[in-house]
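Architecture at a glance
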Amino acid sequence: ENVKNLKNNFKILKFNEFDNTYSRDIKVFKDDLYISSSFKSKEDCYYYKIFKTSLQNFPKLNFKTIFSSVECNKSAYSGGRIGILETDKKRNILLTTYDGAQRDYLAQDDKSIFGKILIIDENNGNYEIFSKGHRNSIGLYIDNKKNIILNTENGPRGGDEINLISRNQNYGWAISSYGDNYNNKNSNN
């Protein structure tokens, strides 16, 4: 069938918090919908935000902000993958953050949220560093029954990774990697 002739049934969701945002991920867990985004401030700095709504009243959705980072980054390049970690009836959100800038080494700085996987309490927005040393996490998978967390990560050239994530572990960026620096003057890219 010709795609041009298809009638769409799209619904426009109005929510003022979506202005100046770049969607990063969407997750449906039980009856809830989560959206992560990076929000652009007036100073051209990007903050991570997570929104949540119940699907019980679909298509009417009432989003609320459940997390907003205080620290910002000049790059909205990536990160923002979300997963739901549920243990003993407590639900937390895992959020990946980006640190591809080799000059900053934020992934190794315990005072920075960048280059980390954060664990966020969805009830109050409080967070802790779950793991660190991540460059550019582009995938996050959680199996709550088997207690498995997998993360796919763009490393430098030739250094992409699939990691089995454990809490309080360091995954090496930017001090250890199998890849080569993309900014190497001898590189072709």
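Look up a bit, the structure's there.
A brief report on the enclosed structure follows.

A few points about the state of the cysteines
The tally for this structure, following the rule as stated, stands at one disulfide. Disulfide pairing is shown between Cys45 and Cys72; the S-S distance is 1.9 Å. Given an S-S torsion of about 90°, the disulfide between Cys45 and Cys72 has right-handed geometry. Placement of the pair is Cys45 in the loop between β2 (32-40) and β3 (46-54) and Cys72 in the loop between β4 (64-68) and β5 (82-87), with a sequence separation of 27 residues. The class for Cys72 is partly exposed, based on a relative accessible area of 27%.

Digging into a nonpolar patch on the surface
A cluster of nonpolar side chains, Tyr141, Leu150, Ile162 and Leu164, forms an exposed patch at the surface whose accessible area comes to about 420 Å². Secondary-structure assignment places Ile162 in strand β11 (residues 161-164).

Things to note about unusual backbone geometry
For the bond from Trp173 to Ala174, the omega torsion is 10°, close enough to zero to count as cis. For Ala174, the location among the structural elements is in the segment after β12 (169-170). A positive phi is found at Asn147, a non-glycine position, where the angle reads about 55°. Its location among the elements puts Asn147 in the loop between β9 (136-143) and β10 (148-154).

Here's the deal with the side chain of Ser41
Summarising the element assignment, Ser41 is placed in the loop between β2 and β3. Side-chain polar atoms of Ser41 contact the side chain of Glu43, separated by 3.1 Å.

Remarks on the sheet that holds β2
Ordered in space as β1-β2-β3-β4, the four strands form an open sheet in which the pairing is antiparallel. Pairing within the sheet leaves two strands with one partner each, and these edge strands are β1 (21-29) and β4. Direction aside, neighbouring strands of the sheet carry axes that sit 25° apart on average. In this sheet, β4 lies alongside β3 in antiparallel orientation, the contact comprising four bridges. By the bridge assignment, Lys52 is partnered in β4 with Lys64.

Reading the values: the criteria
- Residues numbered from 1 in each chain as written.
- Predicted model: local features only at pLDDT ≥ 70, side-chain atom pairs only at ≥ 80, totals over all residues.
- Heavy atoms only, no water.
- Disulfide = S-S within 2.5 Å.
- Helix = DSSP H or I, 4+ residues; strand = E, 2+ residues; numbered from the N terminus.
- Buried < 20%, exposed > 50% of the residue type's maximum accessible area, 1.4 Å probe, protein only.
- Patch = residues over 30% accessible without salt bridge, like charges linked within 9 Å, V, L, I, M, F, W, Y side chains within 5 Å.
- Areas by Shrake-Rupley, 256 points an atom, 1.4 Å probe, with all protein chains shown as cover.
- Salt bridge = Lys/Arg side-chain N within 4 Å of Asp/Glu carboxyl O.
- Polar contact = N/O pair within 3.5 Å; in protein donor to acceptor, adjacent residues only side chain to side chain.
- Pairing = 2+ DSSP bridges.
- Axes fitted to C-alpha atoms, helices over the stretch in contact; angles between N-to-C directions.

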